[in-house]
There are 2 protein chains.
Amino acid sequence: MKIIAIVSGGLDSVTMAHVLAKRGTGYRPENEVHVLSFDYGQRHKKELEYAKQCAADLDSPFDIIDLSSLTKYIGGSSLTDDIAVPDGHYAEENMKITVVPNRNAIMLSIAYGVAVACQADAVAIAVHAGDHFIYPDCRPKFISAFEQMENAAIEGFGNARLLAPFINSTKSDIVEAGYNAGVSFSKTWSCYKGGEIHCGTCGTCVERKEAFLLAGVEDPTIYLR
Amino acid sequence: MKIIAIVSGGLDSVTMAHVLAKRGTGYRPENEVHVLSFDYGQRHKKELEYAKQCAADLDSPFDIIDLSSLTKYIGGSSLTDDIAVPDGHYAEENMKITVVPNRNAIMLSIAYGVAVACQADAVAIAVHAGDHFIYPDCRPKFISAFEQMENAAIEGFGNARLLAPFINSTKSDIVEAGYNAGVSFSKTWSCYKGGEIHCGTCGTCVERKEAFLLAGVEDPTIYLR
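Residues numbered from 1 in each chain as written. Chains lettered and ligands numbered in written order. Predicted model: local features only at pLDDT ≥ 70, side-chain atom pairs only at ≥ 80, totals over all residues.

**Student:** Would you take a moment to explain the sheet that holds strand β3 (residues 62–66) of chain A for this structure?
**Tutor:** Across a sheet, paired strands are connected by hydrogen bonds in the backbone, their directions being either parallel or antiparallel. All names here are of chain A. An order of β3-β2-β1-β4-β5 is seen for the five strands of this open sheet, with the pairing classed as parallel. One side of each edge strand has no neighbouring strand; the edge strands of this open sheet are β3 and β5 (161–163). For this sheet, the mean inter-axis angle between neighbouring strands, taken without regard to orientation, is 25°. When strand β2 (residues 32–39) meets β3, the two strands line up parallel, connected through five bridges. Bridge assignment links serine 37 to a residue of β3, and that residue is isoleucine 64. Lying over the sheet, helix α2 (residues 47–58) contacts β2 and β3, oriented at roughly 170° with respect to β2. (Pairing = 2+ DSSP bridges. Helix = DSSP H or I, 4+ residues; strand = E, 2+ residues; numbered from the N terminus. Axes fitted to C-alpha atoms, helices over the stretch in contact; angles between N-to-C directions. Contact = placed C-beta atoms within 7 Å.)

**Student:** Can you help me understand the relation of the copies chain B and chain A in this one?
**Tutor:** Superposition of the two copies of the chain requires a rotation about an axis and a shift along the axis. Least-squares fitting of chain B to chain A yields an RMSD of 0.0 Å, with the transformation described by 0.0 Å of translation along the axis and a rotation of 180°. In symmetry terms, the pair is related by a two-fold rotation axis. (Least-squares fit on C-alpha atoms with pLDDT ≥ 70 in both.)

**Student:** Just to check I follow, could you spell out the pairing of strand β1 (residues 2–6) of chain A for this structure?
**Tutor:** Put simply, side chains in a regular strand alternate between the two faces of the sheet. All names here are of chain A. Most of β1 is tucked away, with four of its five residues classed as buried. By the bridge criterion, five bridges tie β1 to β2 in an arrangement that is parallel. The residue bridging alanine 5 from the neighbouring strand is valine 35, located in β2. (Buried ≥ 20, exposed ≤ 12 C-beta atoms within 10 Å, placed from the backbone.)

**Student:** Can you walk me through the sheet that holds strand β5 (residues 161–163) of chain B in this structure?
**Tutor:** All names here are of chain B. Strand order in the open sheet formed by five strands is β3-β2-β1-β4-β5, and the pairing between neighbours is parallel. In this open sheet, the two strands that pair with only one neighbour each are β3 (62–66) and β5. Neighbour-to-neighbour, the strand axes of the sheet open up by a mean angle of 25°, direction not taken into account. As paired strands, strand β1 (residues 2–6) and strand β4 (residues 122–124) are joined by three bridges and run parallel to one another. What sits directly across from isoleucine 4, in β4, is valine 123. Helix-sheet contacts for helix α4 (residues 103–117) involve β1, β2 (32–39), β3 and β4, and the interaxial angle to β1 is about 155°.

**Student:** Would you mind going over the environment of Val33(A) with me for this structure?
**Tutor:** Residue and element names in this part refer to chain A. Its place among the elements puts valine 33 in strand β2. By the C-beta count within 10 Å, which is 29 here, valine 33 ends up buried. Apart from the residues lying within four places of it in its own chain, the contact partners of valine 33 are Ile3, Ala5, Ala17, Leu20, Ala21, Leu58 and Ser60.

**Student:** Teacher, can you tell me more about the confidence of the model for chain A here?
**Tutor:** For residues with low pLDDT, the predicted coordinates do not support detailed interpretation. All names here are of chain A. Confidence in the prediction of chain A, expressed as mean pLDDT, is 87, and 85% of residues score 70 or more. Per-residue pLDDT, averaged within each element of chain A, yields its smallest value for helix α3 (residues 92–95) (46) and its largest for strand β4 (residues 122–124) (98). Every residue in residues 90–98 scores below 50 in pLDDT, and together they form 23 contacts with partners more than four places removed in sequence or on other chains. Scored as a whole, the predicted complex attains pTM 0.89, and scored at its interfaces, ipTM 0.88. (pLDDT = per-residue confidence, 0-100.)

**Student:** Which parts of the structure should I look at to understand the interface of chain B and chain A?
**Tutor:** Accessible area lost upon the coming together of the parts is a frequently used measure of interface size. Each side of the interface is counted separately: chain B has 38 residues, and chain A has 38 residues. Breaking the side of chain B that touches chain A down by element, the ones donating at least two residues are β3, α4 and α5 (140–153) of chain B. Classifying every residue of the side of chain B that touches chain A gives 22 nonpolar, nine polar and seven charged. (Nonpolar A, V, L, I, M, F, W, Y, C, P; charged D, E, K, R; others polar.)

**Student:** What should I look at first to understand the nonpolar core in this one?
**Tutor:** Generally speaking, soluble globular proteins have nonpolar side chains that are buried together. Grouped together as the largest cluster of nonpolar side chains are 139 residues, with contacts concentrated most on Ala5(A), Ala17(A), Ala111(A), Val123(A), Ala5(B), Ala17(B) and Ala111(B). When sequence neighbours within four positions are dropped, the list of residues in contact with Val123(A) reads Ile4(A), Leu108(A), Ala111(A), Tyr112(A), Ala115(A), Ala160(A), Leu162(A) and Leu163(A). (Core = buried A, V, L, I, M, F, W, Y, C linked by C-beta atoms within 7 Å.)

**Student:** Quick question: what am I supposed to make of helix α1 (residues 11–22) of chain A here?
**Tutor:** Each full turn of the α-helix corresponds to 3.6 residues, which orients residues three or four apart in the same direction. Residue and element names in this part refer to chain A. With twelve residues, α1 ought to run about 16 Å at 1.5 Å a step, and its terminal C-alpha atoms sit 17 Å apart, in line with that. Where burial is concerned, most of α1 is hidden: eleven out of the twelve residues are buried. The complete set of buried residues in α1 reads Leu11, Asp12, Ser13, Val14, Thr15, Met16, Ala17, His18, Val19, Leu20 and Ala21. The secondary structure elements touched by the buried residues of α1 are β1, β2, α2, β4, α6 (171–180) and α7 (203–215). (Expected span 1.5 Å × (residues − 1).)

See the structure below:
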């Protein structure tokens, strides 16, 4: 199966790419994973180096789609603009500022365009249960509506499925899946602040620490605090 | 009502922008139309000048989203690549080559991102009945599925409706609507070949000529043949 995997370079998407690439080993042929990343002007652009590393480790094709021209139109998020990234755990009010409007629909629709162009069988995205509360475009209702929309959009030209293998997983489930798939977690980047090392205090760092703790897997990440 | 209107500079979308801007005249305030165009590496890039003109005529904000970096990934169409644009009437087999994979879903998802960022009430696209046969992403089923997907995607952050006012109109209906709204049709561009003047023989030129004829409206277009 040929899969266009949206990989940010974070823990979730890198783990997903490894898990998908490993599926089908043994007598069946392995999946062919194509790693697709997006530059949307995120301040933590450094994650893209980790996405590239993921593709290299999987011996997969790698492409970055440049959407930086969108930033001036679709701004107002702390992930792209000069607004402080909030510290603390994911909680609706302070994390809303990390929402980039309609980001997953934009990335998925481009990934589907690529999938039709190269006749891929699936598009994959690493949304997970921990994202549901804040981000509407990470919820099962969105994923299912998106796949239905694409069935209509590409009818007669392709029929890629939409895979969201972690949709009902917690982040600690993902750490466990990555551990079992042999993922080197030090080759993943989570911190939204995009400094030299993980800050340890932003929402995604707090979540990352907690996930390793809950999964009982050693966390190789070096945190500032 | 604030509307993000996707305008290519063609007859259909320019007419739509004029009709939407004029709706609500009289005692109610007029709609505020924001003209949004896309550079996706189309060979008929010239149409973008007509989109800009449309925005100027309506005294509307105008933006071009640069998606030209997608062209190398989402190629294989005669609208973007070095493949001859076929002549003749729209007929499935020879016009399939003018399909840019997933184009409407990509443009609409970006337009929705803009709509959320500026709290617009609607996104509008000028798909029409004549496009249904070849382009799946111009059909009512797609439009309805797209709106449902966006309802899920932006829940809690915005609630823009998806307007497709010409979804059940023929191109001659659009010419009639444009005539009634006072559109200067010479300020619209249809030809896919993007030469100095309309070629008169590509699918969209043939369709354009026919639409004026059927509507009984004088066609101001100068055609090569």
